[in-house]
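# Summary of structural features
One-letter residues, chain by chain:
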Amino acid sequence: MANLDEPLHKVLGDKTAKVLAKGLDLHTVGDLLHHYPRRYAHRGELTPLSGLEDGEHVTVMAEVVKVQGRSLTRSPGYVLEITVTDGTGELKLSFFGRRGSYVPERDLAPGTRGLFAGKISTYRPRSGKPQRQLAHPQYKVVEAQSAERAAQEWADEIIPIYPSTKGLDIETLGKSIGMVLDQLQLPTDPLPPGGDPRTPAEGAGRSSLRSGPSDPIPATLLERRALIGLPEAYEGIHRPRSWDQLGRARKRLKWDEAFVLQIALARRRRAAAALPAKARPPAARGLASEFEARLPFDLTDGQRKVGDEIAADLAVAHPMHRLLQGDVGSGKTVVALRAMLQVVDGGGQAALLAPTEVLAQQHFRSIGALLGDLGRAGQIGGAEHATRVALLTGSLGAKARKAALLDVASGAAGIVVGTHALLQDHVQFADLGLVVVDEQHRFGVEQRDALRAKVTGGRPHVLVMTATPIPRTVAMTVFGDLETSVLGQLPAGRAEIRTHVVPPEKPAFLARAWERIREEAGEGRQIYIVCPRIGEREGDEGDAVDAAPADEEGRRSPLGIMELLPLLQDELLSGLRVGVLHGKLHADEKDAVMRRFTERELDVLLATTVIEVGVDVPNATVMVIMDADRFGVSQLHQLRGRVGRGSLHGLCLLVTDAEPGSKARERLDAVASTTDGFKLSRLDLEQRREGDVLGATQAGRSSSLRLLTLQKDEDVIRDAREEATALVEADPELAAHPGLAAELASLLDEDRTEFLEKT
Ligand code: ADP
Ligand code: MG
């Protein structure tokens, strides 16, 4: 895109270019054109001043009501104080200067409207109320209503408001963008039939900008999706004359973002699918079918359908890359195990990777139990075609580790269970055919690649299972290089989970909760109590990996399990057997505690979020989450999924100090109101910042997604995916689409690579 690559100093001159480079990190015409307004205002509409927060960088439109200059008492300075209003509230602007130096008295007479930009602070006069102020703001007078223009027209005019930047004159940006736009010539002539709009028509004699930027989106697609051309879109986003025009511009530019990203993902999928892998077709009579026949329950329709999809993928000589998502308790493990056995039947090995040791150990035990004699090859009582299951975690003793490694290397172990460390360690497999990644919320492209590289002379099939259901938009972007299967239904007969908020205004609820726990324990049931931190030592961060932002509002630090433990033992739950589980325990201790809980030697498990995913003890019926507001929505849903796993009803209590009506309470109420994980994950997405979802670190420079949001643009993302898939299918190397190829190259080598790799 030659003309978008044009350095700004050529178009705007050195001085302005330097200011833009320093203030906003903008270097080329393209950088500048992609620096979009943050929002738009009507000229007739003033910015509400009441919601402004200390420290916030703002640009507000307001009207001057009062101008007052005064000399400073203790220094030779002079201060001009201007009060502006939004019609109700007021904001004070202070301009400091020396008498005689330029202060904007002449510009800002009462009645003038203007844009004012700066950092909000609080001015506390010695007497009187504290007042919000902008000290020495940037300002721009908004053209007054003139006789020639109708009042309505004047009031309706749209004013773009750019993110304010320290040290950058409010006029500079608008003027610079205007200059660049003026040099982009909008194509007015209709295109010749079949002509390529990207080839500059009669380019001779024009500056490089004149031909307009080359368009990454093919003309046929623009037409099919009713998208406007790029120069028009830049005009519409920066200088809209109507909301319609702005809407068309936004739609077009969102498409650019979505489309190029989906092209990148489609190419990844295509490249991965072309790799060789060993086909592992289902065996007529093997471990997989034997296992299925012995299951103590019927598979759900969903399990059957997804199982068939996976079986078909494994039967092909190209690697499977599939994402399996299903709500908590939907029975993903059985599906995975079936797939692993199919690979074992085909002479290969399967690795199951869990996010924590606790979960790896539990998988090891439950897979052992589910397989029975099918998993005890070479041991007394082993079935004839049996395989062996190996556990490989960081905490194994040297001897056990050596034995396990040997089993893995020789191929004696068909199934290998471990944590993700399994990938980093130099573990040799005899013939690794399938890798299952369990309960992963984020498993980036990078890790997926590391995994594929594990096997030489072919790639393993990969099945990723998510910890929580994820919204479609996330599936299509963050996991967009994978095929997706969804387990939409829970096994029949699954007991319900009731969830209640235990709020600060009803202390009796909390007392009742402890009573309820004693009753449940009296009936032989078990209870989880979860705290956000360990609370053992000073400055201990605990394990609440994803705990909602704490202490932002100066709240007390969240409850630690070590603080709660004596209280439970001596008072609230005295007489009950309480075990403690957290991330800082030695792996052996963790395993021992989990084992005692599973074997009902403990009534209560007091834990951090180490039990968040996967832990499966059907006899546990109550989950109490202390300081529940410190956890995210999906995390609460995941935690709650630890109860109600058998036929017994589950009860989840969300204990909180959060006041009624607060954001935190709304979140907890939402969790209490539904057990639909997909619904909650959408809510979670709405509440998180995009960057958190995408995992991209955003320092200053905005992400490759400027306009597109995962929350609101499902349609665009879906349509762009469809178009991108078709285009890559037809023209994998983008040979006929040089504009697109260039755009893709810049996406891939910029900060945007992070988007793909760190998620
Ligand atoms: P998740 O999808 O959360 O990982 P699991 O695989 O741990 O769920 O399954 C949850 C529980 O449901 C396990 O105890 C499992 O044995 C049981 N389960 C799985 N499939 C079925 C089924 N079709 N019918 C009844 N119980 C099932
Ligand atoms: Mg699971």
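What counts and how
- Sequence positions are assigned chain by chain, starting from 1 and proceeding in written order.
- Chains carry letters and ligands carry numbers; both start at the beginning, A for chains and 1 for ligands, and go up in the order they are written.
- Under the rules for a predicted model, residues below a pLDDT of 70 receive no local features and side-chain atom pairs below 80 are neither given nor counted, while totals for whole chains, interfaces and linings still include all residues.
- Water and hydrogen atoms were dropped before computing side-chain values, which therefore reflect all heavy atoms in the structure.
- What makes two strands pair is DSSP finding at least two bridges between them.
- Under the DSSP-based scheme used, a helix requires at least four consecutive residues in state H or I and a strand at least two consecutive residues in state E, with every element numbered from the N terminus.
- An axis is simply a line fitted to the C-alpha atoms; with a helix, the fit covers only the stretch in contact. Between two such axes, the angle follows the N-to-C directions and lies from 0 to 180 degrees.
- Any two residues whose heavy atoms approach within 4.5 Å are treated as being in contact.
- Salt bridges are defined by distance alone: a side-chain nitrogen of Lys or Arg within 4 Å of a carboxyl oxygen of Asp or Glu.
- A simple rule labels every residue: compare its accessible area, found with a 1.4 Å probe on the protein chains alone, to the largest value its type can have, and call it buried under 20%, exposed over 50%, or partly exposed in between.
- The near set for a molecule or strand comprises every residue that places at least one heavy atom within 4 Å of it.
- Nitrogen and oxygen atoms within 3.5 Å of one another constitute a polar contact, given that in protein one can donate a hydrogen and the other can accept it, and given that sequence-neighbouring residues count only through two side-chain atoms.
- Note that accessible areas follow from Shrake-Rupley with a 1.4 Å probe, and for residues the cover is restricted to the protein chains shown.
- For this classification, the nonpolar set comprises Ala, Val, Leu, Ile, Met, Phe, Trp, Tyr, Cys and Pro, the charged set comprises Asp, Glu, Lys and Arg, and every other residue, Gly included, is treated as polar.
- Each angle is binned into one of four classes, with values under 35 degrees roughly parallel, values over 145 roughly antiparallel, values of 65 to 115 roughly perpendicular, and all other values oblique.
- Two helices crossing with the near one rotated counterclockwise from the far one by less than a right angle form a left-handed crossing, whereas a clockwise rotation gives a right-handed crossing.
- Every residue gets a pLDDT, meaning the predictor's confidence in that residue, from 0 to 100.
- Definition used in this section: a nonpolar core is a set of buried Ala, Val, Leu, Ile, Met, Phe, Trp, Tyr and Cys residues joined via side-chain atoms within 4.5 Å.
- By convention a crossover is right-handed if, when the strands point away from the viewer, the path from the first strand over the helix to the second runs clockwise.

### Re the sheet that holds strand S19 (residues 604-607)
Reading across from one edge, S16-S21-S20-S17-S19-S18 is the order of the 6 strands in this open sheet, with parallel pairing throughout. Only two strands of the sheet have a single neighbouring strand rather than two, namely strand S16 (497-502) and strand S18 (578-581). Averaged over neighbouring strand pairs, the angle between their axes works out to 20° when direction is ignored. Pairing between strand S20 (residues 620-625) and strand S21 (residues 650-655): 4 bridges, direction parallel. Bridge pairing links Val624 to Leu653 in S21. Across the face of the sheet, helix H18 (residues 507-522) comes into contact with S16, strand S17 (526-530), S20 and S21 while running at roughly 145° to S17. Sheet strands in contact with helix H22 (residues 663-673) are S16 and S21, and its direction is about 160° off that of S16.

### Points about the pattern of salt bridges
For the structure on display, the rule yields 36 salt bridges. The partner of Glu519 in a salt bridge is Arg512, and the shortest N-O contact between them spans 3.2 Å. Taking relative accessible area as the criterion, Glu519 reaches 36% and is therefore assigned partly exposed. For Arg516, the salt bridge is made with Glu520, and the minimal N-O distance between the two is 3.1 Å. With a gap of 4 residues between them, Arg516 and Glu520 both fall in helix H18, about one helical turn apart. Looking at Glu520, the relative accessible area reads 13%, which means it is buried.

### Structural notes on the sheet that holds strand S15 (residues 483-487)
Read from one edge of the open sheet, 7 strands run S11-S12-S10-S13-S14-S9-S15, paired in parallel fashion. The open sheet is flanked by strand S11 (388-392) and S15, the only strands paired with a single partner. Taken over all neighbouring pairs, the strand axes of this sheet differ in orientation by 20° on average, direction set aside. Strand direction decides the pairing type here: strand S9 (residues 321-326) and S15, joined by 5 bridges, are parallel. Across the sheet, Gln325 pairs through a bridge with Val486, a residue of S15. Set on the sheet, helix H13 (residues 357-371) makes contact with strand S10 (349-354), S11 and strand S12 (413-419); between it and S12 the angle comes to about 155°.

### What about the site of ligand 1?
Not every one of the 18 residues close to ligand 1 is listed here, only the nearest: Asp298, Gln303, Gly329, Thr333 and Arg494. The separation between a nitrogen atom of ligand 1 and a polar side-chain atom of Gln303 is 2.8 Å. Taken by itself ligand 1 offers 570 Å² of open surface, and the protein chains cover 85% of this. Per element, the largest residue contribution to the shell around ligand 1 is 3 residues, and it comes from helix H12 (residues 332-345). Grouping the constituent residues of the shell around ligand 1 by class yields 5 nonpolar, 6 polar and 7 charged.

### Here's the deal with the packing of helix H11 (residues 301-314) against H12
The interhelical angle for the contact between H11 and H12, taken along N-to-C directions, is 30°, at an axis separation of 10 Å. As far as their axial angle goes, H12 and H11 are roughly parallel. The crossing of H11 and H12 is right-handed. Facing H11, whose interface residues are Gln303, Val306, Gly307, Ile310, Ala311 and Leu314, H12 presents Val334, Val335, Arg338, Ala339, Gln342 and Val343. Considered class by class, the residues forming the contact of H11 with H12 number 8 nonpolar, 3 polar and 1 charged.

### Some details on the confidence of the model for the chain
Overall, the prediction assigns the chain a mean pLDDT of 82, with 84% of residues at 70 or greater. Low pLDDT, under 50, characterises residues 538-553; the predicted model gives this stretch 37 contacts beyond four residues in sequence or across chains. Note that pLDDT drops below 50 for residues 690-702; the model gives that stretch 29 contacts with residues more than four away or on any other chain.

### A few points about the pairing of S19
Because side chains alternate across S19, one face comprises the buried residues Val604 and Leu606, and the other comprises Leu605 and Ala607, equally buried. Pairing geometry for S17 and S19, over 4 bridges, is parallel. Its bridge partner lying in S19, Ile529 is registered against Leu606. Here S18 runs beside S19; their pairing, made up of 4 bridges, is parallel. Counted as the bridge partner of Gly579 is Leu605 from S19.

### Focus: the packing of helix H9 (residues 243-274) against helix H25 (residues 714-730)
It is at 8 Å that the axes of H9 and H25 come closest, and there the two elements cross at 45°. By the angle class used here, H9 and H25 are oblique. Relative to H25, H9 is oriented so that their crossing is right-handed. When H9 is examined against H25, the residues Lys254, Trp255, Ala258, Phe259, Gln262, Ile263, Ala266, Arg267, Arg269 and Arg270 are found in contact with a partner set consisting of Val716, Ile717, Asp719, Ala720, Arg721, Glu723, Ala724, Thr725, Leu727, Val728 and Glu729. Considered class by class, the residues forming the contact of H9 with H25 number 11 nonpolar, 2 polar and 8 charged.

### Observations concerning the nonpolar core
Formed by 51 residues in total, the largest nonpolar core has its most connected members in Trp255, Phe259, Ile263, Leu422 and Phe429. A total of 9 residues in this core trace back to one element, the largest contributor, which is H9. Among all residues touching Ile263, those that are not within four sequence positions of it are Ala724, Leu727, Val728, Leu734, Leu740 and Leu744. Core analysis: the next-biggest nonpolar cluster, separate from the first, contains 39 residues, Ala336, Ala350, Ala386 and Met465 among them.

### Thoughts on unusual backbone geometry
Of note in this structure, Asp25 is not a glycine but carries a positive phi near 60°. Mapped onto the elements of the fold, Asp25 is located in the loop between helix H3 (14-24) and helix H4 (29-33). For Leu734, which is not glycine, the phi dihedral falls at a positive 60°. Within the secondary structure, Leu734 sits in the loop between H25 and helix H26 (738-749).

### Some words on the pairing of S18
Each regular strand displays side chains that alternate between the two surfaces of the sheet. Burial along S18 is two-sided: the face carrying Val578 and Val580 and the face carrying Gly579 and Leu581 are both buried. Where the polypeptide runs from S18 across helix H20 (residues 587-598) and back to S19, its parallel neighbour, the crossover connection is right-handed.

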